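An overview of the molecular structure
The primary structure of each chain is shown beneath.
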Amino acid sequence: MSTIDSFGQPFLIANGQDAIAFKGLTAKSLRARLDNIAQRITCKNHEAFPAYVAWGVRSHEGQGEPVALLLACVQDACDSESIRLQIDSLAVRKAWQGNGIASNLVDAATRWARKHKIHEVTLVMPLGQLSTTALDRMTQKEAGWKDDPGKTIVTLSDPMKVGPLLVRLDRMAKRQQQRWGWKIAPYPDELTSELQARLAAPDEDNIGKPYDPNQPYSSGCHSLRYSRLLMADDKLIGWLAAHQLSPNLIRYAKVWVDPGWEKSGGLLAMVADVMHSAHFAGIDLQNINQHVAQPIAKGCFAFHPDHINMPRMSERHFRPVSDQWVETRIRSFQLSNTKQ
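Residues numbered from 1 in each chain as written. Predicted model: local features only at pLDDT ≥ 70, side-chain atom pairs only at ≥ 80, totals over all residues. Heavy atoms only, no water.

**A look at helix H8 (residues 310–317)**
Of the residues making up H8, those classed as buried are Met 310, Met 313, Ser 314 and His 317. The buried side chains of H8 occupy one side of the element, clustering within an arc of 95° when seen end-on. The outward face of H8, more than 90 degrees from its buried face, is lined by the exposed residues Arg 312 and Arg 316. Its buried side turned inward, H8 meets helix H5 (159–180), helix H7 (266–279), strand S13 (298–303) and strand S14 (324–334). (Buried < 20%, exposed > 50% of the residue type's maximum accessible area, 1.4 Å probe, protein only. Helix = DSSP H or I, 4+ residues; strand = E, 2+ residues; numbered from the N terminus. Arc of directions from axis to C-beta. Contact = heavy atoms within 4.5 Å.)

**Considering the packing of H5 against H7**
Here H5 crosses H7 at 130°, and the two axes come no closer than 9 Å. The angle between H5 and H7 places the two elements in the oblique class. Pair H5 / H7 crosses with left-handed handedness. Where H5 abuts H7, its residues Val 162, Leu 166, Leu 169, Asp 170, Met 172 and Ala 173 lie against Leu 268, Ala 269, Ala 272, Met 275 and His 276. Split into classes, the residues belonging to the contact of H5 with H7 amount to 9 nonpolar, 1 polar and 1 charged. (Axes fitted to C-alpha atoms, helices over the stretch in contact; angles between N-to-C directions. Parallel < 35°, antiparallel > 145°, perpendicular 65-115°, else oblique. Left-handed = near helix turned anticlockwise from the far one by under 90°. Nonpolar A, V, L, I, M, F, W, Y, C, P; charged D, E, K, R; others polar.)

**Looking at the pattern of salt bridges**
One pass over the structure, following the stated rule, counts 12 salt bridges. With its nearest N and O atoms 3.4 Å apart, the salt bridge here joins Lys 161 to Asp 323. Of this pair, Lys 161 sits in helix H5 while Asp 323 sits in the loop between H8 and S14, placing them 162 residues apart in sequence. Lys 161 sits in the partly exposed class, given a relative accessible area of 32%. Judged by its relative accessible area of 35%, Asp 323 is partly exposed. One salt bridge connects Asp 258 with Arg 198, and the closest N-O pair in it is separated by 2.7 Å. A residue pair is termed long-range when its members are at least 10 positions apart, and Asp 258 in the loop between strand S12 (249–257) and H7 and Arg 198 in helix H6 (residues 193–200) qualify at 60 residues. Under the relative-accessibility criterion, Asp 258 is labelled buried at 12%. For Arg 198, a relative accessible area of 17% puts it in the buried group. In this structure, a network of salt bridges that share partners links the residues Asp 136, Asp 147, Arg 329 and Arg 331. (Salt bridge = Lys/Arg side-chain N within 4 Å of Asp/Glu carboxyl O.)

**Some remarks on the packing of aromatic side chains**
A ring pair, where both rings are aromatic, is described by two values, the distance of the centres and the angle of the planes. Evaluated as defined, the whole model comprises 9 aromatic pairs. Centroid distance Phe 301 to Phe 318: 5.2 Å. Interplanar angle 70°. Geometry classified as edge-to-face. You can see Phe 301 sitting in strand S13 and its partner Phe 318 sitting in the loop between H8 and S14, a full 17 residues away along the chain. Judged by relative accessible area, Phe 301 falls into the buried class, the value being 6%. Taking the relative accessible area as the measure of exposure, Phe 318 reaches 2% and is therefore buried. Members of the aromatic cluster, each reached through a chain of ring pairs, are Phe 301, Phe 303, Phe 318 and Trp 325. (Phe/Tyr/Trp six-rings, centres within 6.5 Å; stacked < 30°, edge-to-face > 60°.)

**Concerning the pairing of S12**
Two strands pair when backbone bridges link them, and strand S11 (residues 235–246) and S12 are joined in this way by 8 bridges, in the antiparallel orientation. Bridge pairing links Ala 241 to Lys 254 in S12. Hairpin connection of S11 to S12: 2 residues between the antiparallel strands. Two strands pair when backbone bridges link them, and S12 and S13 are joined in this way by 3 bridges, in the parallel orientation. Directly across from Leu 249, in S13, lies its bridge partner Lys 298. Regarding topology, H7 serves as the crossover connection from S12 to the parallel S13, and that connection is right-handed. (Pairing = 2+ DSSP bridges. Right-handed = clockwise from strand over helix to strand, strands pointing away.)

Here you go:
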């Protein structure tokens, strides 16, 4: 087994050659971020930061084999003027695990964040996964890390399991539509006046926000084909904005129904409508004989445990047919805003 002294220390990835070399150490959906490490953003305090930051470790100093990668992004926190560094990916090759490399990478990111007057470092810790124990050990409360509830991530893919649920959702949608009178409409290629008004509404109104084309996803793209609006009496009451992460994965990213319509069945009806077109095209729901969805193999969504409806609804309908049900915790480390 190699020792901590036998390989290189974390270094800031700052050129395309290194970015290419380390791509294999992060998920395909995040690899485009390594191509954009030179991109900069201007935060609320008008200071410019790299949009994405990455640190790598090689098997030895110089041009050794890439053995570990930490990939992060700089974000404005939604409250106040706080700026945070969010760790999106942290990976160490199996043969090199157990040597403190991951901790070294987190320490390097934290030092960089403090130097650049960033207020907080955060990471998402999945529960019940192979990485959980190591992440928990390096982000302990005794070391200054704070622990908060995170989102639950749900993945669906098997038509044999999901098909019977879709049949039930279709029946429910038909009954609820007759009772409540809503309609599902295509998502427009240009924002309507109603969507623009929702985006312009103050955050404190506690009303959901649709997809904002002025703030595109950092990876993947907004999918018009698999997005929907929910209308009642020609007025907007909800939406599902789909985020296509890859050719084989779509995320039901922004799903919303207005207060008063939560029990109308409209939310589940939009999800069912998208599932039909995204995952069950050409599949007979009464005679399913395949385990691979089409044209898009997988769908996923996430919800926070504090959400008023999603936890109970997801537990009841989606957990029994899910391929993955991953609960998470948010670990955060508060930093001084002065350079050291």
